[in-house]
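One letter stands for each residue in the lines below.
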Amino acid sequence: MMTTSWRFAVIMMLAFMLFHPQTVLAQVRAKAEVDCQPAAEKLQYDCIIKLTNSRTNEQLAGFDLMVGADMPSMPAMHNVRPVKADEDQEKGTYKARIVLEMYGDWALHLDLIGPVRDRVVKVLRFERDRVGEPTSAQTPAHQRH
Amino acid sequence: MGNAKVLELHGLTKHFGGVRAVDGVDLTVASGEILGLIGPNGSGKSTIVNLICGLFPLTAGRVLFGGADISELPPHTRVALGITRTFQNIRLFGQLTVWQNLWVAQNSGEQRKQNFLPRWLGGSKGARAEIDRMLEFFDLGHKRDELAGNLAFGEQRRLEFARALAARPALLLLDEPAAGMNAEEIEQLDSRIRKMRQNGVTVLLIEHHMELVMSVADRIAVLNFGQKIAEGTASAVQSNPVVRDAYLGTTTGA
Amino acid sequence: MDDYLIGVLSNIGVISFIALSAYVLLLTGEISFGQQAFFAIGAYAAGIATALWGWPLAAAIVWGAAIGAGSAILVGVPTLRLHGLYFAIATLAFAEMVRILFELLRYQVLIDGEWVGPNGADGFRNIRYIFENDISSLQFMILIYAVLVATLSMFLLLERSRLGVIFRMIGEDETLAGLQGISVARHKVLAAGIGGALAGIGGGLYAHLTTYIEPRSFDVMLGVHSLAYGLIGGLGTAFGPLLGVLIDIGLLEAIRALAGYRMIIFGGLVAILLIIRPRGLLDEKLVHKIGRMWRLILPRGGRVKLGPSGEKI
Amino acid sequence: MIDLVQNTIDGVMIGSSYGLLALGFTLIFGVMRRLNLSYGPSIMIGGYVGTVLYVQYGAGPLAVAGTMILGAAIAGIYVERLCFAPMRMGAGIASMVSSFAIWMQLEQAAILVLPRHTYPFPPLTTGAPLEWGPFLLRLDHLIMLGCALGLTAAIQFALYRTRFGLALRAIIGNPVAAHLVGINVSVAVMLAFAAASAIGGVAGFLVLSVDQQVTPMFGMWATLKGLIAMMIGGLGSIPGAILGGLLLGVVEAHCQWYFGPQIRDLAAYIVLFVFLLVHPGGLLGRAPGSDIAAPRTP
């Protein structure tokens, strides 16, 4: 039976979840410029990633950068093995070769692991011979994706 | 209750397109009575049962149950009021177990007033025990956890019967319960129907099997072409010339 | 565990929710092409709650589930009068309407010097809760599975409860269910609500898992997938849809060597599977058989044993 | 005012291609009482065959049209044999999900063979649009409309005046009885499927030649548009399919003009949703009864 004590417990639980104090860490936010080019192998791309602090615009160096990818048109169904990007000599520049599963729009996840954790997401359209801007919702329905 | 009327049909009418399946039938069933409803094929018997339990909307007329007008109520509310039925061609939930078939039917009646959580979770121990008793009564105890779809024909008939009783109906509509049964099974059925009446259930029995109807029914109503052509005791109906003409004389001649 | 495995398992966990949500409606015999709408609604609601309003995650997920359930009930009341294909198409139309509305939704707030919030077709970036609170991807995966296990135990309880039996009854024969005193309409709306809540939970977790969402993620493709999971895995038990997800995502990952031909092989396999078992791998008959074997090994206590005339023995 | 009329004209023209798509869908649904999600992808396969012919061998539009229709029909037969023939009775949902799996398969096959996102498709006509007072009429649009009306008439004729049509109607009425009176149900259904996909192929060819390109996403687009037009027109009604398509086209054309592409898509679904809620039978279909409750659990 749904007695009053039950109800009380549920309400208390909800209240706790709603109002328990949470800590928001003041942290650096990263911004990324991503430039990808098709590599010699099919479905492989070389990406150059420039990380900057979005506040101060200074280059972010010394991070472990993992590059993963996901297809927005098929959420959670494509699992690309994340690759670790190598830091370049130039400060804040990283290089990675990613291997995708098919052509189309991919969302690149740039996971920063280091002094702070953050993720920057870039959506790009990967085709056989070029990488460009993603298709927008303005194009006719059957030409999208 | 005495001789109170359980069910009253006033000018019950149902047309399917141009077909007058039931055409202005008046009928009353008194409390504790077993009323037999007979008639040739296509005379509208099954349609009447369907109308009483609310499967189709009425074209005209009224259905009163315990004095209250239930003509507009949806089927599940009528079950809650105490009207249950069996089917001419057995209808069970084949992918549920025997026990589950009874479980839901049972709780629909008395436990309706329970709080929603326990009602959905499973009902009281007493109610569960009652299902087991019911299964034993219908000789289905050993099939308790079998899927209803896997039962033999006779067992399915009994299960359907048990299910109709599980809701503790005030009025039970039996739509040709003896179809496909052998003599021994019919005898069992006869005694079960009588026993139910002892327990205070009113029965409307539709049946082709004349011996059963004549033996068990207190009164008999005869339908032909959607209209009631006779009503009375077994012997009165049997000797009624109109009935003989329309029905008995030409078919079974029991 | 490496990131890749964590990613795959997290995805499987999240998608399981939407598979379960389609499965609830399949139980009642209705096909919904529109569960992705509630997944999207849950994702946006939960994302907005943490990123814009600063709510804690648990509250945001509950909120997403509540909004998902609420909208599912609102849509369910008018559409569940329809049956079969009509209902399926109505849910499809609704889901696409929701998706396009999210393409039009702009609700951005300046937080910490940056605009955060849904930005139309460009999606909703920066749902940064797990970074702000320093939750690792492994921890988040554990969280997903904790919620999934809790949901699944509720489901197993549901399947054994009267409510579960009622759902199956409605699925098997609606008219007959009505004649057992069951209010079919009410129970269907309830099923739709449960489905909406499940999809909402999944959506909320998904939003925080990927940290960004886009309207186009929630198109018909996702809806039909979620429907297919239940049918591939089997309609006999709540493990069915999970098995379906596992086969789809997990198996496909395992046969990665065949990368380019994956969908070709998988599509053919599913077609053949459905010829052999139209109600999925774990269908009702198999589940019942397993249940019986289980009972033979472990006799269930507490059942009242009765003699032939009904007295206790 | 000129815009209004011009948009309506454009809408009718585009709508006729939706109508054609719905026509094929209705035919399948009428015969099988099942939903074939692979309908659009079968057409897309035809389109890919067509583009190969065009790009590799420089074939003209008519040759492309012929192979595309043939390709769609063959893909349709493949779908029917795999998803529908083995599950004739009862398992409606299973067939539907199975056809979805085949959709995925066909799409991946197309991407494997031709991995770029878009491929060129031959235009049907290249001339300038006809001018009619202040209005513009595109010749390929006119051909579209002509094909739609012509094929509707042809199907009506085939269903009501030929032996094959009689057999199909018998199957629609009662497959078991049709089998008993000696109709080869399996072959007849397969042929109906092929015919439906071929009609879809015609529609697909016309649409693609207007767009002058084909993408793998065309399959989903065709399935959705056909489905919407069929439901608006009324399930199982052949004139309804065309009418539904035209209505859909006109609504879309106006919304596109006044509000842009997103609202256009939104409007299509709103029309569909409102129709289903208020008048589920659509423009010309019968109100839904339990008899066409379609894919239900067995």
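Residues numbered from 1 in each chain as written. Chains lettered and ligands numbered in written order. Predicted model: local features only at pLDDT ≥ 70, side-chain atom pairs only at ≥ 80, totals over all residues. Heavy atoms only, no water.

(A) Main features of the overall build of chain A. Along its length, chain A carries one helix and eight strands. In chain A, the succession of α and β elements from N to C terminus is α-β-β-β-β-β-β-β-β. Counting all 145 residues of chain A, 48% fall into the buried class. Put simply, of all contacts in chain A between residues at least 6 apart along the chain, 54% involve residues at least 24 apart. Split by element, the accessible area of chain A, about 7600 Å² in all, is 57% carbon and sulfur. (Helix = DSSP H or I, 4+ residues; strand = E, 2+ residues; numbered from the N terminus. Buried < 20%, exposed > 50% of the residue type's maximum accessible area, 1.4 Å probe, protein only. Contact = heavy atoms within 4.5 Å. Areas by Shrake-Rupley, 256 points an atom, 1.4 Å probe, with all protein chains shown as cover.)

(B) The state of the cysteines, seen in detail. All names here are of chain A. Taken as a whole and assessed by the stated rule, the structure comprises one disulfide over all chains. The side chain of Cys36 participates in a disulfide bridge whose partner is Cys47; the two sulfur atoms lie 2.0 Å from each other. The S-S bond linking Cys36 to Cys47 shows a torsion near 105°; that makes this disulfide right-handed. With a gap of eleven residues between them, Cys36 in strand S1 (residues 30-38) and Cys47 in strand S2 (residues 44-53) connect regions that are remote in the sequence. (Disulfide = S-S within 2.5 Å.)

(C) Local environment of the environment of Asn199 of chain B. Within the fold, Asn199 of chain B resides in the loop between helix H7 (183-198) and strand S8 (202-206). Relative accessible area serves as the criterion here: at 61%, Asn199 of chain B is assigned to the exposed category.

(D) Inspection of the arrangement of the chains at higher detail. For this structure, the chain pair with the highest number of contacts among five pairs of chains in contact is chains C and D. Nothing in chain B touches chain D, and the closest approach of their C-alpha atoms is 11 Å.

(E) Just unusual backbone geometry, in detail. One non-glycine residue, Phe225 of chain B, adopts positive backbone phi at about 50°. Take Phe225 of chain B: it is sitting in the loop between strand S9 (219-224) and strand S10 (227-232). Judged by relative accessible area, which is 67%, Phe225 of chain B ranks as exposed. Its identity as a non-glycine residue notwithstanding, Asp134 of chain C has a phi of 55°, on the positive side.

(F) View of the interface of chain C and chain D. Counting residues at the interface gives 48 residues for chain C, matched by 47 residues for chain D. Here chain C and chain D share zero salt bridges between them. Connecting chain C to chain D are four residue pairs in polar contact (both at pLDDT 80 or more). The element best represented in the side of chain C that touches chain D is helix H4 (residues 84-104) of chain C, accounting for 14 residues. (Salt bridge = Lys/Arg side-chain N within 4 Å of Asp/Glu carboxyl O. Polar contact = N/O pair within 3.5 Å; in protein donor to acceptor, adjacent residues only side chain to side chain.)

(G) Geometry of the side chain of Ser21 of chain C. Residues and elements named next belong to chain C. Mapped onto the secondary structure, Ser21 falls in helix H1 (residues 3-27). A relative accessible area of 0% places Ser21 in the buried class. Among the polar contacts made by the side chain of Ser21, one reaches the side chain of Gln35 at a distance of 2.8 Å. A polar contact of 3.4 Å, which involves the side chain of Ser21, links it to the backbone oxygen of Gly195. Leaving out residues up to four positions away in the same chain, Ser21 has contacts with Gln35, Gly195, Leu198 and Ala199.

(H) How the structure looks around the domain arrangement of chain B. Residue and element names in this part refer to chain B. For chain B, the assigned domains are domain 1 (1-82 + 169-254) and domain 2 (93-168). Listed by partner, the interface residues are 17 residues for domain 1 and 13 residues for domain 2. Between the two partners, domain 1 and domain 2, sit zero salt bridges. Only helix H2 (75-81), strand S7 (171-175) and H7 provide two or more residues apiece to the side of domain 1 that touches domain 2. Top element by residues in the side of domain 1 that touches domain 2 is H7. It accounts for six residues. Looking at the side of domain 1 that touches domain 2 residue by residue, the classes come out as twelve nonpolar, one polar and four charged. (Domains from an automatic or database assignment. Nonpolar A, V, L, I, M, F, W, Y, C, P; charged D, E, K, R; others polar.)

(I) Highlighting the sheet that holds strand S2 (residues 19-30) of chain B. All names here are of chain B. Pairing in this open sheet of four strands is antiparallel, and the strands run S2-S1-S4-S5 from one edge to the other. Where the open sheet ends on each side, the last strands, each with one partner, are S2 and strand S5 (68-69). Of the strand pairs in this sheet, strand S4 (residues 60-65) and S5 are connected by two bridges, and their pairing is antiparallel. When the bridges of S5 are listed, Leu64 appears paired with Asp69. Strands in contact with helix H1 (residues 45-52) are strand S1 (5-16) and S2; relative to S1, the strand with the most contacts, it is inclined by about 115°. (Pairing = 2+ DSSP bridges. Axes fitted to C-alpha atoms, helices over the stretch in contact; angles between N-to-C directions.)

(J) Here's a closer look at the side chain of Ser10 of chain C. Along the chain, Ser10 of chain C turns up in helix H1. The residues touching Ser10 of chain C, leaving out its near neighbours within four places in the chain, are Met141, Ile144 and Leu209 of chain C.

(K) The arrangement of the sheet that holds strand S1 (residues 109-111) of chain C in detail. Residue and element names in this part refer to chain C. With antiparallel pairing, three strands are arranged side by side in an open sheet as S1-S2-S3. Pairing within the sheet leaves two strands with one partner each, and these edge strands are S1 and strand S3 (124-125). Where strand S2 (residues 114-118) meets S3, two bridges bridge the pair, whose relative direction is antiparallel. Looking at the pairing, Pro118 lines up with Phe124 of S3.

(L) Highlighting the packing of H1 of chain C against helix H7 (residues 162-172) of chain C. All names here are of chain C. Remark: H1 packs on H7, axes separated minimally by 7 Å, with the N-to-C direction vectors making an angle of 65°. Contact residues: Tyr23, Val24 and Leu27 in H1; Phe167, Arg168 and Gly171 in H7. Grouping the constituent residues of the contact of H1 with H7 by class yields four nonpolar, one polar and one charged.

(M) Structural detail: the packing of helix H5 (residues 139-161) of chain D against helix H6 (residues 163-173) of chain D. All names here are of chain D. One way to put it is that H5 packs onto H6 with a least axis distance of 5 Å and a crossing angle of 75°. Regarding the angle of H5 to H6, the classification is roughly perpendicular. Together, Ala158, Leu159, Tyr160 and Arg161 of H5 and Arg163, Gly165, Leu166, Leu168 and Arg169 of H6 make up the contact between the two elements. In the contact of H5 with H6, the residues fall into five nonpolar, one polar and three charged. (Parallel < 35°, antiparallel > 145°, perpendicular 65-115°, else oblique.)

(N) Structural context of the pattern of salt bridges. Enumeration according to the criterion identifies 40 salt bridges over all chains in this entry. With its nearest N and O atoms 2.5 Å apart, the salt bridge here joins Glu231 of chain B to Arg219 of chain B. Pair noted here: Glu231 of chain B is in strand S10 and Arg219 of chain B is in strand S9, with a separation of twelve residues, a long-range link. Take Glu231 of chain B: its relative accessible area is 33%, and that puts it in the partly exposed class. Three or more residues are tied together by salt bridges with common partners; here these are Asp105, Arg125, Glu127 and Arg130 of chain A together with Glu214 and Arg216 of chain C.

(O) Region of interest: the confidence of the model for chain B. Of the residues in chain B, 89% reach a pLDDT of 70 or more, and the chain-wide mean stands at 85. Under the prediction, the complex receives an ipTM of 0.86, its pTM being 0.89. (pLDDT = per-residue confidence, 0-100.)

(P) Layout of the packing of aromatic side chains. Taken as a whole and assessed by the stated rule, the structure comprises 24 aromatic pairs over all chains. Centroid distance Phe39 of chain C to Tyr206 of chain C: 5.6 Å. Interplanar angle 35°. Geometry classified as tilted. Residue Phe39 of chain C is located in helix H2 (residues 35-51), and its partner Tyr206 of chain C is located in helix H9 (residues 184-210); the two are separated by 167 residues in the primary sequence. By the ring-pair criterion, three or more aromatic residues cluster together here, those being Phe39, Tyr44, Phe102, Phe124, Tyr206 and Phe218 of chain C. The ring of Tyr4 of chain C is capped by Arg81 of chain A, whose NZ or CZ atom sits 3.9 Å from the centre of that ring. (Phe/Tyr/Trp six-rings, centres within 6.5 Å; stacked < 30°, edge-to-face > 60°. Lys NZ or Arg CZ within 6 Å of the ring centre and 35° of its normal.)

(Q) Layout of the pairing of strand S3 (residues 34-38) of chain B. Residue and element names in this part refer to chain B. When you tally the buried positions in S3, you get five out of five residues, the bulk of the element. Neither face of S3 is exposed, since Ile34, Gly36 and Ile38 on one face and Leu35 and Leu37 on the opposite face are all buried. The sheet contact formed by S3 and S8 spans four bridges and is parallel. The residue of S8 that forms the bridge with Leu35 is Leu204.

(R) How the structure looks around the pairing of strand S4 (residues 83-87) of chain A. Residues and elements named next belong to chain A. Bridge count for strand S3 (residues 64-70) against S4 is three bridges, and the pairing is antiparallel. When the sheet's bridge partners are listed, Leu65 is paired in S4 with Ala85. In terms of strand pairing, S4 meets strand S5 (residues 93-99) through two bridges, oriented antiparallel. Each bridged residue has a counterpart across the sheet, and for Asp86 the counterpart in S5 is Lys95.

(S) Structural context of the environment of Leu112 of chain A. Residue and element names in this part refer to chain A. One can find Leu112 in strand S6 (residues 104-113). Note: C-alpha distance between Leu112 and Tyr94 (18 residues apart in sequence) is 11 Å. Not counting residues up to four positions away in its chain, the partners in contact with Leu112 are Ala30, Leu51, Leu60, Phe63, Asp64, Leu65, Arg117, Asp118 and Val120.

(T) Structural detail: the confidence of the model for chain A. All names here are of chain A. A residue-level look at chain A finds 81% of positions with pLDDT of 70 or above and a mean pLDDT of 78. Looking over chain A, one finds the lowest element-wise mean pLDDT in helix H1 (residues 4-19), namely 71, and the highest in S5, namely 91. Here residues 140-145 is a poorly scored stretch, pLDDT under 50, and it has 29 contacts once near neighbours within four places are set aside; other chains count.

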